[in-house]
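# Structural overview
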Amino acid sequence: MAAGGGGVADPLSPAGVPCAFSPLNQAYFALASADGQLRVWETANNRLHQEYVPSAHLSGTCTCLAWAPARLQAKESPQRKKRKSEAIGTSNQIDLLALGTAVGSILLYSTVKGELHSKLISGGHDNKVNCIQWHQDNGCLYSCSDDKHIVEWNTQTCKVKCKWKGDNSSVSSLCISPDGKMLLSAGRTIKLWVLETKEIYRHFTGHATPVSSLIFTTIRPPNESQPFDGITGLYFLSGAVHDRLLNVWQVRSENKEKNAVMSFTVTDEPVYIDLTLSENKEEPVKLAVVCRDGQVHLFEHILNGYCKKPLTSNCTIQIATPGKGKKSTPKPIPILAAGFCSDKMSLLLVYGNWFQPIIERVALSSKEPHMCLVRDISNCWVPKVETAITKVRTPVMNSEAKVLVPGVPGHHAAIKPAPPQTEEVESKRKLGENEISIEERLGALDIDTKKEKDDLPQTNSFPVLLTQGLESNDFEMLNKVLQTRNLNLIKRTVLRMPLHAVIPLLQELTKRLQGHPNSAVLMVQWLKCVLTVHASYLSTLPDLVPQLGTLYQLMESRVKTFQKLSHLHGKLILLITQVTASEKTKGMACPAQKAKLVYEEESSEEESDDEIAEKDSDDNWDEDEEEKESEKDEDLNEENEEEEEDAEEKDEENGEEDRDVASEKELNGDSDLDPENESEEE
């Protein structure tokens with residue numbers, strides 16, 4: 001059973017390409033390549049049996065495929081015998097092959113007729129189909145998609161029988177129970193549905209990433225003493241994207257245990273899984289897991305309950321090329337798919353590349369833990385390339401022969417004449433020799449063309465140069481075209497370029513946008529023209545979002561920082577304007593104005609003389625005041641002389657205190673300029 005395949009650009013899509021072995025004895029191997037083509041190979045002789053290219057193979061590539069079950073084919077075989085156009089031996093073949101596409105449609109391809117049988121479109125999915133499962137009894141088809149829905153199809157009428165929501169996110173895998181009454185679906189969590197009522201029967205924890213494969217591993221429960229309802233006690237296996245553990249789950253009667261019972265560990269993400277069903281409790285389950293690194297891991301284990309530690313593989317198979325010579329080292333050959341044969345003791349290996357795979361039957365040995373098969377695959381497809389190359393023959397030339405190429409603008413000739421040669425031509429003309437050799441004339445032509453300036457190509461050749469530069473990845477040619485600043489020239493070039501070059505041009509512009517800011521300014525003009533001119537074409541591409549994912553991330557990261565940069569830009573402008581304004585004010589000359597008050601400080605010696613003079617004047621003022629007071633006292637009371645003496649002593653003490661206060665004021669600079677104020681204070 002294939003692990004499924006999807007768009008390679010999506011990081012959460014399963015690795016590998018959709019492929020599957022036919023149910024009856026693995027007689028055929030079908031694979032859908034990335035270009036949308038279906039190829040069916042015969043496993044017995046490694047021969048291409050059929051090749052089918054859908055009409056919309058580019059826009060709606062194949063994302064999953066599934067063969068019709070053998071039981072269904074056996075029921076339909078009597079009806080086919082009535083048709084005369086079909087061969088007699090086709091009743092043993094599997095007829096229908098279901099293909100899921102990236103646009104949501106499902107194709108039914110008939111391998112007997114070698115053509116499209118029918119198409120399931122109306123009322124189905126709106127997004128990529130992730131998995132397809134056939135019902136083994138009633139001929140119905142179940143499909144799941146990124147649109148979160150599960151659809152039950154009637155393949156006879158090509159109409160939707162039932163459609164219901166399977167998960168809150170995309171549903172990535174499906175599996176039908178052995179009795180045909182239950183359906184497993186998985187996005188990240190795993191759900192078990194009752195097909196009759198479309199109700200959830202059990203929930204399981206699931207994986208951290210989308211589940212890429214679901215397979216039931218047992219048909220009967222391990223405890224056969226209890227009555228069996230068709231589902232309780234069965235084990236099933238699940239693998240997920242970017243997960244190196246394959247979990248085994250058991251359907252139990254109680255809904256308490258939701259975790260995995262055991263797990264198998266592998267070296268990389270599983271790409272293709274095949275197993276042999278265990279029909280009783282003593283028969284071990286054989287499991288073959290093809291990983292993304294090209295190895296096959298084989299497991300053999302009896303499922304009998306809970307196992308704590310992850311189980312490692314019993315055998316690992318690798319394929320490598322023989323190292324030719326002493327210095328050359330063997331290179332690994334990737335294994336694409338592996339399936340058990342009917343005897344369960346041999347394995348069908350598909351290895352090489354998807355366009356020309358090699359299918360080989362390998363016997364399994366239980367004793368060897370590691371098998372490395374040496375195979376030389378160079379003879380499979382190299383001769384075809386060599387025969388194609390030998391059709392172009394280069395002429396055998398003598399070493400003494402000279403090749404003459406005419407001088408064409410932009411073309412460098414093989415012969416580069418030296419300056420002495422031109423002097424010889426001029427000397428011959430001066431001597432009167434009329435004949436000049438053709439070689440000299442061609443050399444002169446080449447010299448003239450070398451003097452011409454190597455200008456840019458003309459306007460009408462820009463689309464051709466752009467297309468050639470994108471196909472050949474020529475950096476200089478792309479620089480000549482993409483470094484133009486003429487907007488009209490850019491618009492004309494984008495209008496005339498072919499459609500198949502639009503996506504490569506967008507990818508090239510995305511690379512250049514991540515470079516220097518000067519080149520990014522030019523690339524924005526090109527990007528704007530491409531998105532406006534070719535918007536209708538880009539809207540038809542189903543995988544446009546994955547292809548332009550880096551461009552979206554780049555734009556989002558730059559838009560996030562734009563607001564911060566604008567704030568910083570505004571602050572810097574304010575700072576610059578303040579600095580320039582302050583510099584202007586410093587540079588301006590002050591206008592001539594007359595001072596209203598001028599205060600000049602004198603020297604320290606003059607200050608000391610003035611202080612002494614002021615002290616003397618204060619003493620004189622105090623003495624005059626004392627005399628006046630004494631005269632008044634004599635007029636009032638001449639008899640009390642003793643009281644006058646006491647008054648004089650007090651006045652003298654007051655005069656000394658006044659001197660101290662005046663000296664302190666002078667020292668503090670608080671000396672009063674107006675003597676009237678002093679008299680008022682006294």
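Residues numbered from 1 in each chain as written. Predicted model: local features only at pLDDT ≥ 70, side-chain atom pairs only at ≥ 80, totals over all residues. Heavy atoms only, no water.

Rules: UniProt positions are given in the numbering used here, feature names are shortened, and annotations may be inferred rather than shown by experiment.
For the protein chain, the name recorded in an unreviewed UniProt entry is WD repeat-containing protein 43, with Ursus americanus as its organism. UniProt annotates the protein chain under Sequence similarities (unreviewed entry) with the comment "Belongs to the UTP5 family."

### As for the overall build of the protein chain
Convention followed: A run of H or I in DSSP counts as a helix once it spans at least four residues, and a run of E counts as a strand once it spans at least two, with each numbered from the N terminus. The contact criterion used throughout is that any non-hydrogen atoms of two residues lie within 4.5 Å. Residue-level accessible areas treat just the shown protein chains as cover; the underlying method is Shrake-Rupley with a 1.4 Å probe.
Helix and strand content of the protein chain: 15 helices and 29 strands. In the protein chain, the proportion of contacts linking residues at least 24 apart, taken out of those at least 6 apart, comes to 52%. Taken as a whole, the protein chain presents about 41700 Å² of accessible surface, with 52% of it coming from carbon and sulfur.

### A short note on the sheet that holds strand β14 (residues 182–186)
Whenever strands of a sheet pair, they do so through backbone hydrogen bonds, lying parallel or antiparallel. Selection criterion: Pairs of strands are assigned from DSSP output, requiring at least two bridges between the strands. Interaxial angles span 0 to 180 degrees and are taken between N-to-C directions of axes, which are lines fitted to C-alpha atoms, for helices over the stretch in contact.
Ordered by their spatial adjacency, four strands build an open sheet running β13-β14-β15-β16, and the pairing between neighbours is antiparallel. The sheet is open, and its two borders are formed by β13 (173–176) and β16 (199–204), each paired with just one other strand. Between one strand axis and the next, the sheet turns by 20 degrees as a mean value, whatever way the strands run.

### Notes on the pairing of β13
Here is the rule: Whether a residue is buried, partly exposed or exposed follows from its accessible area with a 1.4 Å probe, protein chains only, as a fraction of its type maximum: under 20%, in between, or over 50%, in that order.
Here β13 shows a buried face lined by Ser173 and Cys175 and a second buried face lined by Leu174 and Ile176. Judged from the four bridges that link them, β13 and β14 form a sheet pairing that is antiparallel. Counted as the bridge partner of Leu174 is Ser185 from β14. Where β13 folds back on β14, the antiparallel hairpin that results is connected by five residues, among which Gly180 adopts a positive phi of roughly 80 degrees.

### Looking at unusual backbone geometry
Even without glycine at this site, Gln26 takes up a positive phi of about 50 degrees. Along the chain, Gln26 turns up in the loop between β1 (19–21) and β2 (28–32). Residue Gln26 is classed as buried on the basis of its relative accessible area of 14%. In this model, Cys158 sits at a positive phi of 60 degrees, which is unusual for a non-glycine residue. Judged by relative accessible area, which is 19%, Cys158 ranks as buried.

### Looking at the nonpolar core
Generally speaking, nonpolar side chains in soluble globular proteins are found buried as a group. Spelled out, the test is: Here, the term nonpolar core denotes a set of buried Ala, Val, Leu, Ile, Met, Phe, Trp, Tyr and Cys residues that are joined through side-chain atoms within 4.5 Å.
Within the largest apolar cluster, 33 residues are counted, with the highest numbers of intra-cluster contacts made by Phe29, Val296, Ile317, Leu347 and Leu349. Sequence-distant contacts of Val296, defined by excluding residues within four places in its chain, comprise Val289, Val290, Cys315, Thr316, Ile317, Ile335, Ala338, Leu347 and Leu349. In terms of nonpolar packing, the next biggest core, distinct from the first, is built from 31 residues, Val494, Met497, Leu522 and Trp526 among them.

### A word on the UniProt feature "repeat: WD" (unreviewed entry) in the protein chain
Per the UniProt annotation, the sites labelled "repeat: WD" (unreviewed entry) are residues 122–157. Counting secondary structure, residues 122–157 comes out at 0% helix and 50% strand; the distance between its end C-alpha atoms is 11 Å.

### Some points on the pattern of salt bridges
Inclusion rule: A pairing counts as a salt bridge when a side-chain nitrogen of Lys or Arg comes within 4 Å of a carboxyl oxygen of Asp or Glu.
What the rule picks out here adds up to ten salt bridges. Taking the shortest distance from any N to any O, the salt bridge between Glu152 and Lys198 comes out at 3.3 Å. Placement of Glu152 in strand β11 (residues 149–154) and of Lys198 in the loop between β15 (190–194) and β16 is noted, with a sequence separation of 46 residues between them. Through salt bridges with shared partners, a single ionic network connects Asp268, Glu269 and Arg292.

### Section: the sheet that holds strand β12 (residues 159–165)
Strand order in the open sheet made by the four strands is β9-β10-β11-β12, with antiparallel pairing throughout. The outermost strands of the open sheet, each flanked by one partner alone, are β9 (129–134) and β12. If you compare each strand with its neighbour and ignore which way they point, the axes differ by 20 degrees on average. Sheet analysis places β11 next to β12, joined by six bridges and oriented antiparallel. Bridge assignment links Asn154 to a residue of β12, and that residue is Lys159.

### Here's the deal with the packing of aromatic side chains
Cut-off, in case you're wondering: Any two rings among Phe, Tyr and Trp, with Trp reduced to its six-membered ring, count as a pair given centres within 6.5 Å; such a pair is stacked if its planes are under 30 degrees apart, edge-to-face if over 60, and tilted if neither. By the criterion adopted, a ring carries a charge over it if an Arg CZ or a Lys NZ lies within 6 Å of its centre and within 35 degrees of its normal.
With the rule as written, the count across this model stands at nine aromatic pairs. With a centroid separation of 6.2 Å and an interplanar angle of 85 degrees, the aromatic rings of Phe21 and Tyr272 are classed as edge-to-face. Here Phe21, found in strand β1, pairs with Tyr272, found in strand β21 (residues 270–276); they are 251 residues apart in sequence, far enough to count as distant. With relative accessibility at 11%, the residue Phe21 sits in the buried group. For Tyr272, a relative accessible area of 2% gives the class buried. Chaining the aromatic ring pairs together yields one cluster made of Phe204, Phe216, Phe236 and Trp249. Here the basic side chain of Arg202 rests over the ring of Tyr201, its NZ or CZ set 4.2 Å away from the ring centre.

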